[in-house]
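# A look at the structure
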Amino acid sequence: MSEQNSRGGDDAYEHHGGFPVYEPVKAGPNFGRFVDVFRRLQDLAVSTHAPDDVVDQAIAQAEALGDLLEPYKVGEGKSPAGFNVDIPGRGSLLLPPWTIEKFDADGVRERGHFRRYHLGGNGAVHGGTIPLLFDDLFGMVIHASGRPIARTGYLHVNYRKITPLWDELVVEGRVDSVDGRKAFCSAELRDLDGTVLADSEALMIELLPGQP
Ligand SMILES: CCCCCCCC/C=C\CCCCCCCC(=O)SCCNC(=O)CCNC(=O)[C@H](O)C(C)(C)COP(=O)(O)OP(=O)(O)OC[C@H]1O[C@@H](n2cnc3c(N)ncnc32)[C@H](O)[C@@H]1OP(=O)(O)O
């Protein structure tokens, strides 16, 4: 992680606009399994049609699980979810389960798949999930390039082909050019034959001190 910001100083980098300084949150040895179990439940919640008594049992068990976990709620940046690069989707259930393969100033590459939870229509991935993948990737691209945290100004997505569920896919993005606070980025989502399923361009804008 660079200590230099785009203007050559370390003040803005340190402060990341109005963002808090995030420290790595160490996950316990079973946190990856914890996330997997919830991903399975997400898939099942949107792909089952169970009898009413089974739905009632599921509600009771899920409420008991909620009661078990509720006392351990913590604020943003204090949970291992979203901050563990060793776990697919960094351990965040919002993100699809993708794993970082390359992370350096030239760009970021991730590999993963979409699941039943991400279904849009007729077997294809939901069109809103793909910008999510790109948006998060561009956040990582900025991080990997050593620039301070940036917010997405715009995100353009071209849907070139149907993106399938479950198939292993690759997404790769980079900073193409920089103009002051503005970093112009691009990325492609490909299948393993190299076919482009979607591509994206985004403007990532470095935050001013105190900007949320
Ligand atoms: C410790 C372990 C770590 C583990 C790994 C974890 C790493 C994770 C890394 C990091 C995590 C955090 C990652 C967060 C980021 C994720 C990305 C997002 O999803 S962000 C959410 C969506 N985006 C918003 O909500 C923005 C909302 N918009 C704003 O807040 C403002 O618009 C803002 C701050 C972006 C800019 O506002 P202004 O007032 O400061 O600046 P103005 O003057 O408007 O724009 C600056 C320049 O950009 C151009 N610009 C702005 N918007 C534009 C647009 N839509 N199109 C074209 N140009 C635009 C303007 O014309 C101007 O250009 P000229 O300097 O004059 O050349």
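Keep in mind it's a predicted model, so treat the numbers as computed, not measured.

## Observations concerning the UniProt feature "domain: Thioesterase" (unreviewed entry) in the protein
Taken from the UniProt record, the annotation "domain: Thioesterase" (unreviewed entry) applies to residues 122-197. In residues 122-197, helix accounts for 21% and strand for 43%; the two terminal C-alpha atoms are 16 Å from one another.

## Side note on the environment of Ile-130
Here Ile-130 lies in helix α4 (residues 129-144). Looking at Ile-130, the number of C-beta atoms within 10 Å reads 23, which means it is buried. For the pair Ile-130 and Gly-210, spaced 80 residues apart in sequence, the C-alpha to C-alpha distance is 30 Å. Filtering out sequence-adjacent residues up to four positions away, Ile-130 remains in contact with Val-125, Val-157, Thr-163, Leu-189 and Ala-198.

## Here we look at unusual backbone geometry
Non-glycine residue Asn-122 carries a positive phi angle of around 55°. Along the chain, Asn-122 falls in the loop between β2 (107-112) and α4.

## Comments concerning α4
In a regular helix each residue adds 1.5 Å, so 16 residues correspond to 22 Å; α4 covers 23 Å between its end C-alpha atoms and thus fits that length. When α4 is considered as a whole, its buried residues turn out to be Ile-130, Leu-133, Phe-134, Asp-136, Leu-137, Phe-138, Val-141, Ile-142 and Ala-144. Buried residues along α4 sit in contact with β1 (98-104), β2, β3 (150-159), β4 (169-179), β5 (182-191) and β6 (196-206). Following α4 by one or two positions, Gly-146 adopts a phi angle in the positive range, close to 85°.

## Brief notes about the site of the ligand
Around the ligand, the structure places 20 residues, and the nearest of them are Gly-139, Arg-151, Gly-153, Tyr-154 and Ile-205. Among the elements that line the shell around the ligand, the one with the most residues is β3, at four residues. Across the shell around the ligand, the residue classes tally to 10 nonpolar, six polar and four charged.

The rules we used
- Residues numbered from 1 in each chain as written.
- Predicted model: local features only at pLDDT ≥ 70, side-chain atom pairs only at ≥ 80, totals over all residues.
- UniProt positions renumbered as here; feature names shortened; annotations may be inferred.
- Helix = DSSP H or I, 4+ residues; strand = E, 2+ residues; numbered from the N terminus.
- Buried ≥ 20, exposed ≤ 12 C-beta atoms within 10 Å, placed from the backbone.
- Contact = placed C-beta atoms within 7 Å.
- Expected span 1.5 Å × (residues − 1).
- Near = placed C-beta within 6 Å.
- Nonpolar A, V, L, I, M, F, W, Y, C, P; charged D, E, K, R; others polar.

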